[in-house]
Amino acid sequence: MSVLSKSLILFSFLLFLQSVEAKSFERRQRVIHIESDIDWNATWYNTKDGKKVSLDRVIKSLSSSKTGKLILEKASLKARSVGSTLREVIDVGNSSLTDTTLIRKFSPDNPADIHYQTKSKVYLNKGLSFKDAVLDLAHELTHYSYRDPFNPYVSKFTVDQFVSSVIEGRGGEVDAYLIECRVLKELKPRSFSSSSNCKNVIDPITGKFSKQLGIEKFYDVGQYFGDFDEILNKYGWDKTRFPKLGKGEALYISSAYGLPYPVAALSEFTTIMGKACENDYNRLAMMRDGLSTNSRFPASVAHGKFKNLYASYKTRCSQFRP
């Protein structure tokens, strides 16, 4: 596993949300030797065999781990709950990530009546070695199976809630990292012992994995403490909202921003809210323009819906107004 924390959140008009993903021990130092006919150091994706065969090999190898088998079963249940199969959820990509799309649906004639829909897809980096692909898949399926989608269009979506949810929330970066470490330990204990970053999340007293230690490591920003302050000052956020922020060495770096994860998460949050507030601004304009022409609702109802949305917009978008 690498020290890179991969967090990609892409937005269009429909607002694409994509998980911030973190890897925490150096891939170049990680070696897994398993007695099999698989070359764990070779690239997992074989163009000759094709996508299906290549993915099936990775899934089968992950299932040989007790933890891997459990996460595969959980992901299968999640996929079935939305009418898909596990294999339909997993695909090949240029990077490993869990892409969750939040779609807003509303009619121009009734922009106050809005519905939300989420769809998730797991992509596995086709350039990885076989061993890294197995570990990346465990990581991404943890996000897919356990993380609750977040919605920036609701009033309680705050910057500190965002940072907390993606780092320490259920199915967040720490959880996914711990799953990777467990899979590595189960597949090859000797290789696990040589992974110093996995050791950093083992309680020295109990000898067990510690989520609390993982949280502490993920919040360390090291020499980038000033960058964190700069973003807070720009948007008028109080640092006391982030009591877990640490000045220790930053072991978790976002590949999207090249910054420690808390700093990168703040930047991602501004992107999310900027787009969400722009969308709501446009929706308010549509509602305002239709107040005098829309005959589907009594004037009092239409004005009431406009006022409710405007109040929500003011609460969430004071720093992000177009």
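Each chain has its residues counted from 1, following the order in which its sequence is written. Under the rules for a predicted model, residues below a pLDDT of 70 receive no local features and side-chain atom pairs below 80 are neither given nor counted, while totals for whole chains, interfaces and linings still include all residues. With hydrogens and water stripped out, all remaining heavy atoms of the structure feed into the side-chain values.

Novice: So, helix H9 (residues 211-218): which residues are in play, and what are the values?
Specialist: Among all positions in H9, only Gly214, Ile215 and Phe218 are buried. The arc that holds every buried residue of H9, seen down its axis, measures 100°, which confines them to one face. Burial classes follow relative accessibility: with a 1.4 Å probe on protein chains only, a residue under 20% of its type's maximum area counts as buried, one over 50% as exposed, and anything between as partly exposed. Strands here are runs of E lasting at least two residues and helices are runs of H or I lasting at least four, both read from the DSSP assignment and numbered beginning at the N terminus. In this description, the arc belongs to the directions extending from the helix axis to the C-beta atoms.

Novice: Please set out the packing of aromatic side chains residue by residue, giving values where relevant.
Specialist: Between rings of Phe, Tyr and Trp, where Trp is taken as its six-membered ring, a pair exists when centres lie within 6.5 Å; planes separated by under 30 degrees are stacked, by over 60 edge-to-face, and by other angles tilted. A complete count under the given rule lists 18 aromatic pairs for this structure. Between the aromatic rings of Trp237 and Phe320, the centroid separation amounts to 6.3 Å while the plane-to-plane angle is 40°, which identifies the pairing as tilted. Separated by 83 residues along the polypeptide, Trp237 in the loop between helix H10 (225-235) and strand E6 (253-254) and Phe320 in the segment after helix H12 (299-316) bring together distant segments of the chain. Judged by relative accessible area, which is 8%, Trp237 ranks as buried. An aromatic cluster is defined as three or more aromatic residues linked by ring pairs; in this entry it consists of Phe150, Phe162, Tyr235, Trp237, Phe269 and Phe320.

Novice: Pulling in residues and values, what's your account of the pattern of salt bridges?
Specialist: When the charged atoms of two side chains lie near each other, side chains of opposite charge can form a pair. A carboxyl oxygen of Asp or Glu within 4 Å of a side-chain nitrogen of Lys or Arg is what we treat as a salt bridge. Tallying each qualifying case throughout the model produces 11 salt bridges. The partner of Lys239 in a salt bridge is Asp229, with the nearest N and O atoms 2.7 Å apart. Highlighted residues: Lys239 in the loop between H10 and E6 and Asp229 in helix H10, separated in sequence by 10 residues. Classification of Lys239 as partly exposed rests on a relative accessible area of 33%.

Novice: Give a description of the packing of helix H4 (residues 130-146) against helix H6 (residues 173-187) that names residues and reports values.
Specialist: Note on geometry: axes are lines fitted to C-alpha atoms, helical ones only across the stretch in contact, with angles between N-to-C directions running from 0 to 180 degrees. Across the interface, H4 lies against H6 with an axial gap of 8 Å and an inter-helix angle of 145°. Seen from above, H4 lies across H6 with right-handed handedness. Contact with H4, carried on its side by Val134, Leu135, Asp136, Ala138, His139, Thr142 and His143, involves Glu173, Asp175, Ala176, Tyr177, Ile179, Glu180, Val183, Leu184 and Leu187 of H6 and no other residues of that element. For a crossing to be left-handed, the near helix must be turned anticlockwise from the far one by less than a right angle; the clockwise case is right-handed. Residue contacts are counted whenever heavy atoms from the two residues lie within 4.5 Å of one another.

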